[in-house]
2 protein chains.
Amino acid sequence: MDSAEQQQHPLRSRRITAAMVAARAGVSTATVSLVANGKTAGRVSGENIRRVREAISELGYVVDSVGSSLAKGVSSIVILVAPDISNPFFAKVIAGVRESLGTDYQLLLSVTEAGEFPHADDVRKLMALRPAGLLVDAPNAGFLDDLAVGGPLVLLDAPGMESYAPSVNLDVAHGARELAAHLATAGHRKVAYVDSVTGTATFALRREAFLAEAENRGITADPSHIISTTIDVGAAAAAFAAAWPQWQREGVTAVVCGTDTHAYGVLQEARVAGLRIPDQLAIAGFDDLPYSATSNPSLTSVHLPATPLGLKAGEQLRRLMEGHELKQPQLTLESSLVVRNSTSPA
Amino acid sequence: MDSAEQQQHPLRSRRITAAMVAARAGVSTATVSLVANGKTAGRVSGENIRRVREAISELGYVVDSVGSSLAKGVSSIVILVAPDISNPFFAKVIAGVRESLGTDYQLLLSVTEAGEFPHADDVRKLMALRPAGLLVDAPNAGFLDDLAVGGPLVLLDAPGMESYAPSVNLDVAHGARELAAHLATAGHRKVAYVDSVTGTATFALRREAFLAEAENRGITADPSHIISTTIDVGAAAAAFAAAWPQWQREGVTAVVCGTDTHAYGVLQEARVAGLRIPDQLAIAGFDDLPYSATSNPSLTSVHLPATPLGLKAGEQLRRLMEGHELKQPQLTLESSLVVRNSTSPA
DNA sequence: CTGAAAGCGCTTACAG
DNA sequence: CTGAAAGCGCTTACAG
């Protein structure tokens, strides 16, 4: 039987269309569309609803996303633009987004080379997909200017860019200040800072909040003690190895890193150099990746709630895509310092 | 930006269409399509090519992906189905895929809850997007049976499933055997194995190759010494903590983990229990994540080439999507053991 | 070389 | 409540 065969191999055989369902149910395609989209209230008789549903399940019909998107003017795709997914932090953000988006929306990842954001042309290509909404993680202002999109848009981890769009941010400054206080209490007076090369706001905020509070507490960070690398263990390790001899001569006793990934590289190289941690050199990072608890020594880090970040951003976007107003367009999630052995003797 | 425009729905309203380009260039939309798609050879005059190109750049026209997909019957979307992206290993795979796919294709991530694969219904929803191709990472056979898709499809890390589709695999068995040999040489006779709960082939292969070679070399792994958890530091830590008292009584001296992530959890808990590593307990994993070099102690692991895996899979899929035959439908990439302090005294 | 026209599959006013 | 019909934006035979 034809229909039985199609049921068995729905993806291999000819595509099932609304017209086929309509023919089988003895209704028009308009009615099929109404039923398939759950817009039957006061528009389709109970009997027809039943017949269409039966035909749909018998044939294994699924609304074609492309035809539907063209007719509606918008697809079910949500684009997540992010500068770096190699950071394990980001995997958690994605997990959160997926969870809040549910099965109605498809997540399309727009990833570019380490730290780079797509430019106007790439953005246009993305918009050609008619996304239902956009999620932009850790953007820089230049990218948001290029973007200039009017549809549903939520920013993640974009401090200082609240004027562009609804955002979900992390109060990294709070954790950064705790870290400065912690190092001051431990007696450090000269610190170095290993930043990320990407000019994204969150990294600037981490650095500035830390350095400001450090200064308040009598800690100095000489300009030559502030360097940047890509978010990569090896790159951070190499940069630290090159800088350390001078830093050591100049009395640096602690290195703060923009991400834990940087910190792992510094840790690795510091151990190669035979430094006693934290006695000769204290090391700390941001993100509190799962690996920071098991590193050697375990890494002091500013904990950032990655999964909740993705979750909240997805929820906000979802409201926007459903046409609702946001009661609270700006959300901020907590951060806090987790002290471990890389700054505090066991 | 004009705030009034942003208030509206520019995603839907201000769209530049082929008709607008055609009007401006004084040609038909058919000619615009030909030029925009680079199919002009012997079909469009030089003069018209010039005029259309000019109009395209003046208006900032981009071919609408939805309309184009509907007309062609296929989109420019490549779907990557994967059971787990929280593993940092996977971020590298994605990076490799993105690189080989280039800018002609958009990468859509189909992620599900930890270790779960989408079932028939979800697959149908995905196929409704009319993807240009499918990449499936670490699938189980049940999923591939459900899939039954006819279009371009490449499997990643799917040992034993070569009959379903072209695949790019990792020779995890080789590294697993090296690991067994290494532990045997170090004098271990009773080992435990912490597996992943997902029934994916690569994990079964890791386990079986390891256990077979272990047995060859006089190492036993009692059934009660083989457990499974999700790929999660905390879950592995808890499972190990619960099992260790019995294992210790029964003489286990080494724990091999299906992934480094599991191993970090075991490492963490072993240190909490005050075990001397590797003297009282040796620990090893698979994946060789960047963090394994900096853990405490550094982790012995079977190195797997994640980025090349994504890269090769993307290249193969690309050939398929361009209508070519694959000269080599089955590719296998190397793995090898990296010995560190968790199994070998510093 | 060129354009008019027929679709691709769906949704949505619209008239009944 | 229902269906015929007009699109959505594009591509591709097809006739000229």
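Just so we're clear, the structure is a prediction, and the values are computed from it rather than from any experiment.

## Digging into the protein's contact with DNA strand C
- Every one of the 27 residues lining DNA strand C counts as a neighbour, but A:Ala18, A:Ser33, A:Tyr61, B:Gly42 and B:Asn48 are closest to it.
- Backbone atoms, meaning sugar plus phosphate, form 76% of the atoms of DNA strand C positioned within 4 Å of the protein.
- Separating a phosphate oxygen of DNA strand C from a backbone N or O atom of B:Gly42 is a distance of 2.8 Å.
- Only α3 (29-36) and α5 (65-72) of chain A together with α3 (29-36) and α5 (65-72) of chain B provide two or more residues apiece to the surface near DNA strand C.
- Among the elements that take part in the surface near DNA strand C, α5(A) stands out by supplying five residues, more than any other.
- Looking at side-chain class alone, the surface near DNA strand C contains twelve nonpolar, ten polar and five charged residues.

## A word on the side chain of B:His262
- For B:His262, the position within the fold is in helix α12 (residues 260-272).
- A distance of 2.7 Å separates polar atoms of two side chains, one belonging to B:His262 and the other to B:Thr259.

## Observations regarding the sheet that holds strand β12 (residues 336-338) of chain A
Residue and element names in this part refer to chain A.
- What the six strands build is an open sheet, ordered β7-β6-β8-β9-β10-β12; its pairing is mixed. The outermost strands of the open sheet, each flanked by one partner alone, are β7 (226-229) and β12. Each neighbouring strand pair of the sheet contributes to a mean axis angle of 20 degrees, computed without reference to strand direction.
- Two strands pair when backbone bridges link them, and strand β8 (residues 254-257) and strand β9 (residues 282-287) are joined in this way by three bridges, in the parallel orientation. Counterpart to Ala254 in the pairing with β9 is Ala282.
- Where helix α10 (residues 201-216) meets the sheet, it contacts β6 (191-196), β7, β8 and β9, and its direction lies at approximately 170 degrees from that of β6.
- Seen against the sheet, helix α11 (residues 233-249) touches β6, β7 and β8 and runs at an angle of roughly 160 degrees to β7.

## A few points about the interface of chain A and chain B
- The partner chain B presents 54 residues to the 55 residues of chain A that form the contact.
- In total, about 5,000 Å² of surface goes out of reach between chain A and chain B, with carbon and sulfur atoms giving 64% of it.
- We note a salt bridge from A:Arg130 to B:Asp64, for which the minimum N-O separation is 2.7 Å.
- Remark: the boundary between chain A and chain B carries nine residue pairs in polar contact (both at pLDDT 80 or more).
- Looking at the side of chain A that touches chain B, the elements that each hand over two or more residues are α5, α6 (88-101), β2 (106-111), α7 (120-127) and α12 (260-272) of chain A.
- Its residues placed into classes, the side of chain A that touches chain B shows 30 nonpolar, 16 polar and nine charged.

## Comments concerning the protein's contact with DNA strand D
- By nearness alone, 27 residues border DNA strand D, and A:Gly42, A:Arg130, B:Ala18, B:Ser33 and B:Tyr61 come closest of all.
- The protein-proximal atoms of DNA strand D, defined as those within 4 Å of the protein, are 74% sugar or phosphate.
- Here a base nitrogen of DNA strand D sits 3.0 Å away from a polar atom, N or O, in the main chain of B:Gly67.
- Between DNA strand D and B:Ser68 there is a distance of 3.3 Å, counted from a phosphate oxygen to a side-chain nitrogen or oxygen.
- Elements with a contribution of two residues or more to the surface near DNA strand D: α3 and α5 of chain A together with α3 and α5 of chain B.
- It is α5(B) that provides the largest number of residues to the surface near DNA strand D, a total of five residues.
- By residue class, the composition of the surface near DNA strand D is eleven nonpolar, eleven polar and five charged.

## Thoughts on the confidence of the model for chain A
- Chain-level pLDDT for chain A is 89 on average; 95% of the residues reach the 70-or-more range.
- The low-confidence segment residues 1-12 of chain A (pLDDT under 50) makes 19 contacts with residues lying over four places distant or belonging to another chain.

## Some words on the domain arrangement of chain A
Residue and element names in this part refer to chain A.
- Examined at the domain level, chain A breaks down into domain 1 (3-63), domain 2 (70-169 + 306-332) and domain 3 (172-305).
- For domain 2 versus domain 3, the distance between C-alpha centres works out to 29 Å.
- Of the roughly 1,200 Å² buried between domain 2 and domain 3, counting both surfaces, carbon and sulfur atoms make up 66%.
- Counting every contact that joins domain 2 to domain 3 gives zero salt bridges.
- Element by element, the count of residues in the side of domain 2 that touches domain 3 is highest for helix α13 (residues 306-321), at four residues.
- Residue composition of the side of domain 2 that touches domain 3, by class: ten nonpolar, five polar and three charged.

## As for the nonpolar core
- In this structure, A:Phe210, A:Trp247, B:Phe210 and B:Trp247 are the most contacted members of the largest nonpolar core, which totals 148 residues.
- Residue contacts for A:Trp247: discarding those within four places in its chain leaves A:Ala192, A:Val194, A:Ser224, A:His225, A:Ile227, A:Phe240, A:Val252 and A:Val255.
- One finds A:Ile79, A:Val123, A:Phe143 and A:Ala201 within the second-largest nonpolar core, a separate group that totals 42 residues.

## Describing the packing of aromatic side chains
All names here are of chain A.
- Scanning all chains against the criterion turns up nine aromatic pairs over all chains.
- Seen from their ring centres, Tyr193 and Phe210 are 6.0 Å apart, and the 35 degrees between their planes marks the pair as tilted. Here Tyr193, found in strand β6, pairs with Phe210, found in helix α10; they are 17 residues apart in sequence, far enough to count as distant. Each member of the pair, Tyr193 as well as Phe210, is classed as buried.

## Notes on the sheet that holds strand β6 (residues 191-196) of chain B
All names here are of chain B.
- Taken in spatial order, the six strands make up an open sheet running β7-β6-β8-β9-β10-β12, and their pairing is mixed. Each having just a single partner strand, β7 (226-229) and β12 (336-338) make up the two edges of the open sheet. If you compare each strand with its neighbour and ignore which way they point, the axes differ by 20 degrees on average.
- Strands in contact with helix α10 (residues 201-216) are β6, β7, β8 (254-257) and β9 (282-287); relative to β6, the strand with the most contacts, it is inclined by about 170 degrees.

## Focus: helix α13 (residues 306-321) of chain B
Residue and element names in this part refer to chain B.
- Counted at 1.5 Å a residue, the expected span for α13 with its 16 residues is 22 Å, and the 23 Å between its end C-alpha atoms agrees.
- Listing the buried residues of α13 in full gives Ala306, Leu309, Gly310, Ala313, Gly314, Gln316, Leu317, Arg318 and Met321.
- Structurally, α13 contributes buried residues whose contacts are with β1 (77-82), α6 (88-101), β3 (133-137), β4 (153-156), β5 (167-170) and β11 (330-333).
- Looking one or two places after α13, you find Gly323, whose phi comes out positive at around 85 degrees.

## Considerations on the relation of the copies chain A and chain B
- Expressed as a screw operation, the relation of chain A to chain B combines 0.1 Å of axial shift with a rotation of 180 degrees, fitting to an RMSD of 0.1 Å. In symmetry terms, the pair is related by a two-fold rotation axis.
- In this assembly, 87% of the residues forming the interface of chain A have copies in chain B that are likewise at the interface, indicating an isologous arrangement.

Conventions adopted
Residues numbered from 1 in each chain as written. Chains lettered and ligands numbered in written order. Predicted model: local features only at pLDDT ≥ 70, side-chain atom pairs only at ≥ 80, totals over all residues. Heavy atoms only, no water. Near = heavy atom within 4 Å. Polar contact = N/O pair within 3.5 Å; in protein donor to acceptor, adjacent residues only side chain to side chain. Helix = DSSP H or I, 4+ residues; strand = E, 2+ residues; numbered from the N terminus. Nonpolar A, V, L, I, M, F, W, Y, C, P; charged D, E, K, R; others polar. Pairing = 2+ DSSP bridges. Axes fitted to C-alpha atoms, helices over the stretch in contact; angles between N-to-C directions. Contact = heavy atoms within 4.5 Å. Buried area = accessible area lost by both parts, 1.4 Å probe. Salt bridge = Lys/Arg side-chain N within 4 Å of Asp/Glu carboxyl O. pLDDT = per-residue confidence, 0-100. Domains from an automatic or database assignment. Core = buried A, V, L, I, M, F, W, Y, C linked by side-chain atoms within 4.5 Å. Buried < 20%, exposed > 50% of the residue type's maximum accessible area, 1.4 Å probe, protein only. Phe/Tyr/Trp six-rings, centres within 6.5 Å; stacked < 30°, edge-to-face > 60°. Expected span 1.5 Å × (residues − 1). Least-squares fit on C-alpha atoms with pLDDT ≥ 70 in both.

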